[in-house]
Amino acid sequence: MKLARGLSRILNLVEKMSLNEAKRIAAHRAVNEWVKTGTAVGIGSGSTVVFAVERLAERMKSENLNVACVPTSFQARQLIIEHGLQLSDLDRNPQLDVAIDGADEVDNGMVLIKGGGGCLLQEKIVASCAENLIIIADYTKNSKKLGDQYKKGIPIEVTPMAYVPIKQHIQKCFGGSLKLRMAVAKAGPCVTDNGNFILDWEFASEKAYNWPDVNRDLLMIAGVVETGLFVNMATKAYFGMSDGQVRTQERNASI
């Protein structure tokens, strides 16, 4: 029994190391290809973005790279500061050359689920200000259709007073189930950087959805602040593979 548990821990560690390496190679390649000196860059949130900031810092030192970095979250802001990069905001840089961010899932039509880390509103604002939104992820985030691999649902940021009627309305109109996301280290709901709640919509994965229409209809519900559906926003996605290669996918093609 102890041997089996030890073997399981080793296998989990190997898998984690493999995923981290996949994230790293995807992030480094995207930064190498899309970031030039003198550009304004949106810095996304999540574990994969850590490697993108790492590469930006390396290039800043080796190439004297001059880049204005606009964060999408408190985590992204701290990463920018810790690596000595130039911290900016949308007041000073309302138009960005590129935003580099992760995703919880990317389907074959380049529709994204984002917001697993709770930063979907600020991520979407920054992405909407960028000429190009570049997604970096490991191979587990690439799916034929949404829900194939990511099972936690689509995050929907809502005003706290309206979460119950919003939950009931979405379940009635679209099916599936919604859960109020709870905090991990404190009692009560998870509260976003913007003071809102998050409902995670576990939609019926076997059902065919028109995601542009669904996203539009969700945003029309009073009290819905933003959705974790990113439709027609991503330019290109980089997926680090388990064999050390990087697979890319564009909005209208895959290579």
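Analysis parameters
Residues numbered from 1 in each chain as written. Predicted model: local features only at pLDDT ≥ 70, side-chain atom pairs only at ≥ 80, totals over all residues. Heavy atoms only, no water. Helix = DSSP H or I, 4+ residues; strand = E, 2+ residues; numbered from the N terminus. Rg over C-alpha atoms; globule rule 2.2 N^0.38 Å. Buried < 20%, exposed > 50% of the residue type's maximum accessible area, 1.4 Å probe, protein only. Areas by Shrake-Rupley, 256 points an atom, 1.4 Å probe, with all protein chains shown as cover. Lys, Arg positive; Asp, Glu negative; His and termini not counted. Charge placed at Lys NZ, Arg CZ, Asp CG, Glu CD. 1 Å grid on protein atoms, 1.4 Å probe; cavity = no way out; pocket = protein on both sides within 12 Å on 5 of 7 lines; lining within 4 Å. Points joined across faces, edges and corners; volume = space filled by probe spheres on them. Nonpolar A, V, L, I, M, F, W, Y, C, P; charged D, E, K, R; others polar. Salt bridge = Lys/Arg side-chain N within 4 Å of Asp/Glu carboxyl O. Right-handed = clockwise from strand over helix to strand, strands pointing away. Pairing = 2+ DSSP bridges.

**Points about the overall build of the chain**
Across its full length, the chain holds six helices and 14 strands. For 255 residues, the compact-globule formula gives about 18 Å, and the C-alpha radius of gyration of the chain, at 19 Å, lands near that figure. Taken along the three principal axes of its C-alpha coordinates, the chain extends 55 × 55 × 40 Å. Across the 255 residues in the chain, those meeting the buried criterion constitute 49%. Summed over all atoms, the accessible surface of the chain reaches about 12,700 Å², with 54% contributed by carbon and sulfur. In the chain, 30 side chains carry a positive charge and 28 a negative one; their mean positions are 6 Å apart.

**What about the layout of surface pockets?**
Size it by volume and the largest pocket reaches roughly 330 Å³. Together, 19 residues line the largest pocket, and Ser-45, Gly-46, Ser-47, Ala-103 and Asp-104 are the ones closest to its centre. In the lining of the largest pocket, the residues fall into three nonpolar, ten polar and six charged.

**Thoughts on unusual backbone geometry**
The phi dihedral of Met-110 falls on the positive side, at around 65°, and the residue is not glycine. For Asn-232, which is not glycine, the phi torsion reads 55° and is therefore positive. Residue placement: Asn-232 occurs in the loop between strand 12 (229–230) and strand 13 (234–240).

**Here we look at the pattern of salt bridges**
Within this structure, the stated rule accounts for 14 salt bridges. Salt-bridge contacts for Arg-92 lead to Asp-89; the nearest nitrogen and oxygen are separated by 3.0 Å. The salt bridge partner of Arg-216 is Asp-217, with a shortest N-O separation of 3.4 Å. Residue classification places Asp-217 among the partly exposed positions, given a relative accessible area of 33%. Via salt bridges that share partners, Asp-101, Lys-114 and Glu-123 belong to a single interconnected network.

**Notes on the environment of Lys-144**
With respect to the helices, strands and loops of the structure, Lys-144 is situated in the loop between strand 7 (130–138) and strand 8 (154–158). By relative accessible area, Lys-144 is classed as exposed at 64%. Spatially, the C-alpha atom of Lys-144 lies 27 Å from that of Lys-167, the residues being 23 residues apart in sequence.

**Examining the pairing of strand 2 (residues 68–71)**
Of the two faces of strand 2, the one carrying Ala-68 and Val-70 and the one carrying Cys-69 and Pro-71 are both buried. In the classification by handedness, the crossover that spans strand 1 (residues 40–43), the intervening helix 2 (residues 47–63) and the parallel strand 2 is right-handed. Two strands pair when backbone bridges link them, and strand 2 and strand 3 (residues 86–87) are joined in this way by two bridges, in the parallel orientation. If you follow Ala-68 over to strand 3, its bridge partner there is Gln-86. Running through helix 3 (residues 74–82), the crossover from strand 2 to the neighbouring parallel element strand 3 is right-handed.

**Here's the deal with empty space enclosed by the protein**
Following the criterion strictly, the structure yields one cavity of 30 Å³ or more and no others. Size it by volume and the largest cavity reaches roughly 30 Å³. Surrounding the largest cavity, Gly-42, Ile-43, Gly-44, Thr-72, Ala-99, Ile-100, Asp-101, Glu-123, Val-126, Ala-127 and Leu-133 form its lining. Looking at the lining of the largest cavity, the elements with two or more residues in it are strand 1, strand 4 (96–101) and helix 4 (120–128). Of the residues that constitute the lining of the largest cavity, the class distribution is six nonpolar, three polar and two charged.

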